[in-house]
Amino acid sequence: MKFLALTASALILAAACSQPDSEPTTPVEDADSSAVESENAEAGDASPEAIISEDGFRLTPVAEGLEFPWDMLFLPDGSMLVTERSGAIRLVRDGELLPEPVAGTPEAHVNAQGGYFAMALDPDFASNRKLYLAFAKGTAEENTTAVVSGVLSDDASELTDVQEIFTGAPRETSHHYGGRLAFLPDGTLIITLGEGFRYMEEAQNPQNYHGTIVRLNTDGSFPEDNPFIDGEGGMPGVWSYGHRNVQGLVWDEARETLWAHEHGPKGGDELNRIEAGNNYGWPAITYGVNYDGTIITEDTEAPGMEQPVVKWVPSIAPSGMALVSGDVWSEWDGDLIVGAMNGPRGQKLVHIMLDEEGNVTGQADLMADLEIPFRDVAIGPDGNLYAATANMDGVVYRIDRNE
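How each quantity is defined
Residues numbered from 1 in each chain as written. Predicted model: local features only at pLDDT ≥ 70, side-chain atom pairs only at ≥ 80, totals over all residues. Heavy atoms only, no water. Helix = DSSP H or I, 4+ residues; strand = E, 2+ residues; numbered from the N terminus. Buried < 20%, exposed > 50% of the residue type's maximum accessible area, 1.4 Å probe, protein only. Polar contact = N/O pair within 3.5 Å; in protein donor to acceptor, adjacent residues only side chain to side chain. Salt bridge = Lys/Arg side-chain N within 4 Å of Asp/Glu carboxyl O. Pairing = 2+ DSSP bridges. Axes fitted to C-alpha atoms, helices over the stretch in contact; angles between N-to-C directions.

Looking at an unreviewed UniProt entry, one finds the protein named PQQ-dependent sugar dehydrogenase and attributed to Henriciella algicola.

Written out as structure tokens, the structure is:
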């Protein structure tokens with residue numbers, strides 16, 4: 001079964017692929033702007049029943065009618081928080097999407113790719129109820145990625161004591177924000193930041209936060225062992241640099257590895273192991289080209305710049321990533337599941353198989369026949385696999401084997 005709205009989205013994407021890589025054209029990885037919103041509204045894009053893929057997966061709706069869902073986060077009681085890019089946090093409890101968003105959340109710059117992004121629970125959430133939220137802050141003329149902390153009420157209906165703990169470099173574009181969050185075992189918070197689309201050359205300059213991954217303490221200070229803490233070689237919060245737009249982030253405890261994937265331009269999406277101080281190459285090296293086909297650089301590797309663990313050419317437009325654990329998908333334990341949105345080879349999930357050392361042993365496309373663009377993917381506390389679509393009329397699905 002394929003949704004009419006998704007077909008419309010694909011047609012608009014095809015037009016976007018032929019446009020040059022300059023504003024106001026929407027970058028191909030996130031071509032779900034106002035034109036797509038209109039198409040989705042006309043088509044309806046809703047199905048109350050489970051969908052069965054040709055490769056044997058059953059997708060059962062858990063929540064419907066979400067406005068561009070971006071990130072899913074599970075609370076200890078099994079409830080799910082979902083950010084909407086339109087600037088709201090929604091609560092799914094006992095199988096029901098509550099009508100009112102979480103109160104007390106900050107105002108976002110909602111435009112193009114701007115809005116609400118990822119969330120994270122404090123490692124001591126059980127005692128302090130702290131929630132962290134990344135979002136686009138500012139105006140069309142000057143905006144950036146910011147992160148706030150707040151205290152989530154016991155019933156998860158309100159966020160109080162909201163404090164801004166990080167603000168990225170200002171820019172005047174509404175594209176490439178990054179916005180993923182993850183905690184490391186030492187309690188420090190990792191934040192991914194895009195290079196703002198127009199500022200790609202600055203991704204090679206760690207003296208600003210464009211195109212970087214940042215590490216900070218939960219009070220907003222920077223850890224003393226950050227690679228540029230003295231401020232001489234780079235900004236004190238920079239953990240790694242040379243990134244384009246990191247949209248997937250997980251900490252792999254068993255392998256002690258921070259995995260991140262990012263959008264390339266037209267081609268050249270990457271999965272990387274993130275290590276302190278490393279330069280991941282954008283735009284000095286890339287396996288992609290501009291959206292109009294013009295060359296960014298002839299170089300795909302260079303001294304002092306990291307090579308991707310996986311590269312996708314053509315693009316899959318990766319967004320969201322989960323590390324598989326638990327009994328439900330025990331045969332995939334320790335593997336990665338990546339959401340793929342509207343790239344030329346997107347609209348699916350990708351299973352990345354890893355050995356004990358983290359070497360890639362294979363890849364498999366999942367549910368590609370359904371042509372669903374997936375924004376986020378997560379493993380719930382029940383061990384089940386969940387995926388959220390990248391549509392205006394968005395759906396969160398639970399994914400099971402069709403047995």
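A word on the environment of D292. If you trace the backbone, D292 turns up in the loop between β17 (269-274) and β18 (310-312). You can call D292 partly exposed: its relative accessible area is 38%. Distance from D292 to K266, taken between C-alpha atoms, is 8.4 Å for residues 26 residues apart in sequence. Among the polar contacts made by the side chain of D292, one reaches the side chain of T294 at a distance of 2.7 Å.

For the rest of this paragraph, the subject is the pattern of salt bridges. Any two side chains of opposite charge can pair, given that their charged atoms come close. For the structure shown, the criterion picks out twelve salt bridges. The shortest N-O distance in the salt bridge between R90 and E84 comes to 3.3 Å. With relative accessibility at 5%, the residue E84 sits in the buried group. A salt bridge links D154 to R129; the shortest N-O distance between them is 4.0 Å. Pair noted here: D154 is in the loop between β9 (143-152) and β10 (159-167) and R129 is in the loop between α3 (125-128) and β8 (130-138), with a separation of 25 residues, a long-range link.

Remark on secondary structure: sheet strands pair via backbone hydrogen bonds, oriented parallel or antiparallel. Here we have four strands laid out as an open sheet, ordered β3-β4-β5-β6, and antiparallel in their pairing. Looking at which strands have only one partner, the edges of the open sheet turn out to be β3 (69-74) and β6 (96-97).

If you trace the four strands from one edge of the open sheet to the other, you get β19-β20-β21-β22, paired in antiparallel fashion. Pairing within the sheet leaves two strands with one partner each, and these edge strands are β19 (318-323) and β22 (360-366). Looking at each pair of strands side by side, their axes are set apart by 20 degrees on average, direction ignored. For strand β20 (residues 336-340) and strand β21 (residues 348-354), the ladder comprises five bridges, and the chain directions are antiparallel. Each residue of the ladder has a partner; that of G339, found in β21, is L349.

Quick look at the pairing of β9 now. With respect to burial, β9 is a largely interior element, nine of its ten residues being buried. Relative to β9, β8 is paired through nine bridges, and the arrangement is antiparallel. Counted as the bridge partner of K137 is T144 from β9. The turn linking β8 back onto β9 is made up of four residues. Inspection of the sheet shows β9 paired to β10 by six bridges, in the antiparallel sense.

So, about the pairing of strand β25 (residues 394-401). Within a regular strand, the side chains alternate between the two sheet faces. With six of its eight residues buried, β25 lies for the most part within the structure. Of the pairings in the sheet, the one linking strand β2 (residues 57-66) to β25 comprises eight bridges and is antiparallel in character. Counted as the bridge partner of P61 is Y397 from β25. Here strand β24 (residues 385-389) folds back onto β25, and the loop between the two strands holds four residues.

Checked against the element boundaries, R255 lands in the loop between β15 (246-252) and β16 (257-262). The class for R255 is buried, based on a relative accessible area of 17%. As for R255 and D355, which are separated by 100 residues in sequence, their C-alpha atoms are 9.9 Å apart. Polar contacts involving the side chain of R255 include one to the main-chain carbonyl oxygen of G334, which spans 2.9 Å.

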